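# Structure at a glance
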Amino acid sequence: MDTHITNNSSSSSDNSSNSNNSNNSSSNSTQQLPQHQHLSPVLTSMSSSSNSSSSVLSPNKIDIHLSPFSVSPMNSSPSIQPKKKTIDDFFIGRVLGEGSYGAVVMGTDKDTNVQYAIKILEKKHIIKENKIKYVQIEKEIFCKSNHPNIVKLFFTFRSDSCLYYVLELCPQGDLLHQLKKVGAFDYTSTQYYTAEIISALEHLHGLGIVHRDLKPENILMSADMHIKLTDFGTGKILDQNTLNNNNNNNNNSAVSSLSNSLNSANSTNTSLNNLSLNENNTTTTTTTTSGTDGNQISNIALAAAAATTAAMSSGPPLMATTDMNNIQNLGALPTRANSFVGTAEYVSPELISNKETSTDSDLWALGCIIYQLSTGRLPFRGKTEFLTFQKVSNRDLVYPKNMNPVVKDLIEKLLVLRPSERLGSLSAGGFENLKKHPFFAGLEWDSLSSKTPPPIKPPADKPAFDDETPDLSSSNNNNGLRSSNNNNSTSSSNSSSNLSSSPVSLNSPSTNSQNHINDKYSKFLEPNESVVKQGLVWKKKGLSIKQRQLILTSSPRLIYVDPKKVQLKGQIPWSDSIKPEIRGSTNFVIYTPKRKYLLEDVDGAPQKWVDAIQSVMTKIKI
Ligand SMILES: Nc1ncnc2c1ncn2[C@@H]1O[C@H](COP(=O)(O)OP(=O)(O)OP(=O)(O)O)[C@@H](O)[C@H]1O
């Protein structure tokens, strides 16, 4: 990477406000929050000074030019510049959540007592993770959009070490949190919240914006329980050429309306270069997507699925014939790695097969969400990302026996493999057609945001799946759902996870069958060495993916073996500073002083690896 950052503390309070949103306030509460309550040390240090000179940014990395917004609130005279905000203008309250690049905290404006959510992005993290584009796009989309169901951005400013986004506060958590409370939504709540999501999507698509990571975790809830779409870091703003192409291909009035809206959006947003982060050269070196790690898709699993899909496209269903071991023979990944964004369970089939997304991909994710709200389950979910992609590509989904036929019909019309045939697609009549679906009968689209939403209730008739296994799960491990499901799995197919559930023993051969090494691997053990944990993983490095038997031994050693050739391939060097970390529902990372090892647990239980490694470390210390 050959990029540069300029730390200019004299301009550290460059500041902006979104003129679109400047007259809105998120809350009228006058409560003042205690400063630094519940803040982690890093946050406390960030928020205590907006001009911290202790920047850890390495110079000569990235040029960050922050020129002020041309602030033009609707009712302010151009000659009177509003006072520039800094973090010191807010009382900092509790932490609302943590994202990949920093935290989101509650902040109360000291002048107005209005409460906000302040997203604090650590510059060094953004640079280290190559996510400058992410920050840029997120801000641009926040600024372009102006809709009651989309989180509003009120101000941005920076200190030497952080960027700050002052956002509309959504104190009721996210849609997944609401879903967990009831298990599944009844018809009325599904109808209402689906309509609000559609309303937000229609606005975004009208501006030529594709969200690309639509999922309940990115749909926040306002104090009065309206939805607020957020997390635009993986969004895409379509260029005029793309829209013109669409225009040529679709002689459809909806297309020209989209194109016109984009023109007007572009012309009214000429002053949006307030946060210009110039990236000279960013090479994708990781195997994850341009979005957040963990919950986001692994490029390699995606590539494997794409290759398998292509190979099988004219043959029988993937699941029936794919040999997982062959995936290790895949060569390079598709070149446009950065276009892989989203979350495995909501990813559209066209992303898997062509690495392409469009506004129609959001409609696929919408279908997944409607399924999830009405049944409490994800429509496509495998034990690993690869298996999830296979289910998506095969459109392999089951409905509960008592599924409402109208809801099912809508889902069926959204989860269509061919993007242009999805209900709501520009070439299928656009949003007007989608809104006319019988599922929405009786709904008053125009007064959605001015009305009180219906109370969220579970359906009178519980969704009846054949297997009776409850699954409120989501891709987001942080919500605790997926991990608890994995850990408590009653599925017989997840036997290896169950085997490793008991604590490991270091020095004596364990009676736990997990610790009895398969005969074919015993030759790799040293005398008196026993197995603490073993299992199949995908080992990811650069552009390659290899299936390996990972074996944690009592020495301790972490060795990996080619399971087909039964050859020792290497070991992850053990030291006091080895650090395992979960990265989403199936992935984990092992940090060593010299490099990090990206791994995916084939059984979908990465936590068990982390626990096993940590327990060995603890025993050694004792
Ligand atoms: N406007 C908001 N109001 C209330 N809570 C918020 C708001 N925005 C974000 N949060 C909370 O903070 C968490 C982190 O949000 P953030 O946008 O930084 O990251 P993310 O979406 O989880 O991940 P990433 O930045 O990696 O995409 C969210 O999960 C949510 O719980």
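Thresholds applied
Residue indices follow the written sequence of each chain, beginning from 1 at its first position. Two thresholds apply to this predicted model, a pLDDT of at least 70 for residue-level local features and 80 or more for giving and counting side-chain atom pairs, whereas whole-chain, interface and lining totals are computed over all residues. Excluded from the side-chain calculations are hydrogens and water; all other atoms, namely the structure's heavy atoms, are used. UniProt positions are given in the numbering used here, feature names are shortened, and annotations may be inferred rather than shown by experiment. Numbering of helices and strands runs from the N terminus; a helix is a DSSP stretch of H or I covering at least four residues, while a strand is a stretch of E covering at least two. Categorising residues by exposure relies on relative accessible area from a 1.4 Å probe, with only protein chains included: less than 20% of the type maximum marks a residue as buried, more than 50% marks it as exposed, and the intermediate range marks it as partly exposed. Any two residues having at least one pair of non-hydrogen atoms within 4.5 Å are treated as being in contact. In this description, accessible areas are obtained by the Shrake-Rupley approach with a 1.4 Å probe, and a residue is regarded as covered only by the protein chains that are shown. Contacts described as polar in this section are N or O atom pairs within 3.5 Å, which, within protein, must combine one atom able to donate a hydrogen with one able to accept it, while residues neighboring in sequence count only if both atoms come from side chains. Helix axes are fitted only over the stretch in contact, all axes being lines through C-alpha atoms; the angle between N-to-C directions runs from 0 to 180 degrees. Angle categories are assigned with fixed cut-offs, so that under 35 degrees is roughly parallel, over 145 is roughly antiparallel, 65 to 115 is roughly perpendicular, and the rest are oblique. The crossing is said to be left-handed when, going from far helix to near helix, the turn is anticlockwise and less than a right angle, and right-handed when the turn is clockwise. In this classification, Asp, Glu, Lys and Arg are treated as charged, Ala, Val, Leu, Ile, Met, Phe, Trp, Tyr, Cys and Pro as nonpolar, and every other residue, Gly included, as polar. We call Phe, Tyr and Trp rings a pair once their centres come within 6.5 Å, taking the six-membered ring for Trp, and we label the pair stacked below 30 degrees between planes, edge-to-face above 60, and tilted otherwise. Two limits define a charge over a ring: the Lys NZ or Arg CZ must be within 6 Å of the ring centre, and within 35 degrees of the ring normal. Here, a salt bridge means any Lys or Arg side-chain nitrogen found within 4 Å of an Asp or Glu carboxyl oxygen. Here the rule is simple: two strands pair whenever DSSP picks up at least two bridges between them. Grouping into patches uses exposed residues only, defined as over 30% relative accessible area, and leaves out salt-bridged ones; the cut-off is 9 Å for like charges and 5 Å for nonpolar side chains (Val, Leu, Ile, Met, Phe, Trp, Tyr). The charge count treats Lys and Arg as positive and Asp and Glu as negative. His and the chain ends do not count. A single reference atom marks each charge: NZ on Lys, CZ on Arg, CG on Asp, CD on Glu. Definition of nonpolar core: a set of buried residues of the types Ala, Val, Leu, Ile, Met, Phe, Trp, Tyr and Cys, connected through side-chain atoms within 4.5 Å. The predictor reports its confidence for every residue as pLDDT, a score running from 0 up to 100.

Looking at an unreviewed UniProt entry, the chain carries the name non-specific serine/threonine protein kinase, with the source organism given as Polysphondylium violaceum. For the record of the chain, the UniProt heading Sequence similarities (unreviewed entry) holds the text "Belongs to the protein kinase superfamily. AGC Ser/Thr protein kinase family. PDPK1 subfamily."

### A closer look at the overall build of the chain
Helices and strands together make up the secondary structure of the chain, namely 18 helices and 19 strands. Going through the 622 residues of the chain one by one, you find that 55% of them count as buried. Long-range contacts, defined as pairs at least 24 residues apart, comprise 69% of the intrachain contacts of the chain with a sequence gap of at least 6. Of the roughly 25,900 Å² of accessible surface on the chain, 49% is carried by carbon and sulfur atoms.

### Quick word on the UniProt feature "binding site: ATP" (unreviewed entry) in the chain
Here, the residues flagged by UniProt with the feature "binding site: ATP" (unreviewed entry) are Lys 119. Looking at the secondary structure, you find Lys 119 in strand S5 (residues 115-122). The class for Lys 119 is buried, based on a relative accessible area of 16%. If near-sequence neighbours (up to four positions away) are discounted, Lys 119 is found in contact with Ala 103, Val 104, Tyr 134, Glu 138, Leu 163, Tyr 164, Tyr 165 and Leu 167. Of the polar contacts made by the side chain of Lys 119, one reaches the side chain of Glu 138; its length is 3.0 Å.

### Some points on helix H12 (residues 385-394)
With seven of its 10 residues buried, H12 lies for the most part within the structure. Listed in full, the buried residues belonging to H12 are Glu 385, Phe 386, Thr 388, Phe 389, Gln 390, Val 392 and Ser 393.

### Some details on the packing of helix H11 (residues 359-375) against helix H13 (residues 405-414)
Orientation of H11 relative to H13, taken along the N-to-C sense of each, is 155 degrees, at an axis distance of 8 Å. As far as their axial angle goes, H13 and H11 are roughly antiparallel. Note that H11 runs across H13; the crossing there is left-handed. Counting all contacts with H11, which are made through Leu 363, Trp 364, Leu 366, Gly 367, Ile 370, Tyr 371 and Ser 374, the residues of H13 involved are Val 407, Leu 410, Ile 411 and Leu 414. The residue inventory of the contact of H11 with H13, partitioned by class, reads nine nonpolar, two polar and no charged.

### What to know about the packing of aromatic side chains
Taken as a whole and judged by the stated rule, the model has 14 aromatic pairs. Here the aromatic rings of Phe 90 and Tyr 116 are separated by 6.1 Å at their centres, their planes lie at 85 degrees, and the arrangement is edge-to-face. With Phe 90 in strand S3 (residues 90-99) and Tyr 116 in strand S5, this residue pair connects regions lying 26 residues apart in the sequence. Accessibility assignment for this pair places Phe 90 and Tyr 116 in one class, buried. Summarising the aromatic geometry, the rings of Trp 364 and Phe 380 are spaced 5.5 Å apart at their centres and angled 15 degrees between planes, so their arrangement reads as stacked. Placement of the pair is Trp 364 in helix H11 and Phe 380 in the loop between H11 and H12, with a sequence separation of 16 residues. Taken individually, Trp 364 and Phe 380 each receive the classification buried, so the pair is uniform in this respect. Positioned above the aromatic ring of Phe 155 is the side chain of Lys 85, whose terminal nitrogen or guanidinium carbon lies 5.3 Å from the ring centre.

### Observations regarding the environment of Pro 573
The topology assignment puts Pro 573 in the loop between strand S16 (567-572) and strand S17 (579-583). A C-alpha to C-alpha distance of 9.1 Å links Pro 573 and Lys 594, two positions 21 residues apart in sequence.

### Overview of the pattern of salt bridges
According to the stated counting rule, one finds 17 salt bridges in the structure shown. Salt-bridge contacts for Lys 215 lead to Asp 213; the nearest nitrogen and oxygen are separated by 4.0 Å. Each of the two residues, Lys 215 as well as Asp 213, counts as buried. Several salt bridges converge on common partners, so that one network encompasses Glu 202, Glu 432 and Lys 435.

### Remarks on the pairing of S16
Taken together, the five bridges between strand S15 (residues 558-562) and S16 define a ladder with antiparallel strand orientation. Bridge assignment links Asp 562 to a residue of S16, and that residue is Gln 567. Where S15 folds back onto S16 in an antiparallel hairpin, the turn is made up of four residues, including Val 566, whose phi is positive at roughly 50 degrees.

### Side note on a positive patch on the surface
On the surface, Lys 541, Lys 546, Lys 564, Lys 565 and Lys 569 cluster together into a patch of positive charge. By secondary structure assignment, the location of Lys 569 is in strand S16.

### Looking at the nonpolar core
The biggest cluster of nonpolar side chains holds 77 residues, and the ones touching the most others in it are Leu 214, Leu 366 and Leu 434. No other element matches the nine residues that H11 contributes to this core. Of all hydrophobic cores here, the second largest spans 18 residues; its members include Val 532, Leu 550, Tyr 560 and Tyr 597.

### Thoughts on the confidence of the model for the chain
Per-residue confidence for the chain gives a mean pLDDT of 71, with 61% of residues at or over 70. Low pLDDT (under 50) marks residues 472-515, which in the prediction has 96 contacts with non-local residues, meaning those over four places away or in another chain. Per the prediction output, this complex has pTM 0.61; the corresponding ipTM is 0.97.

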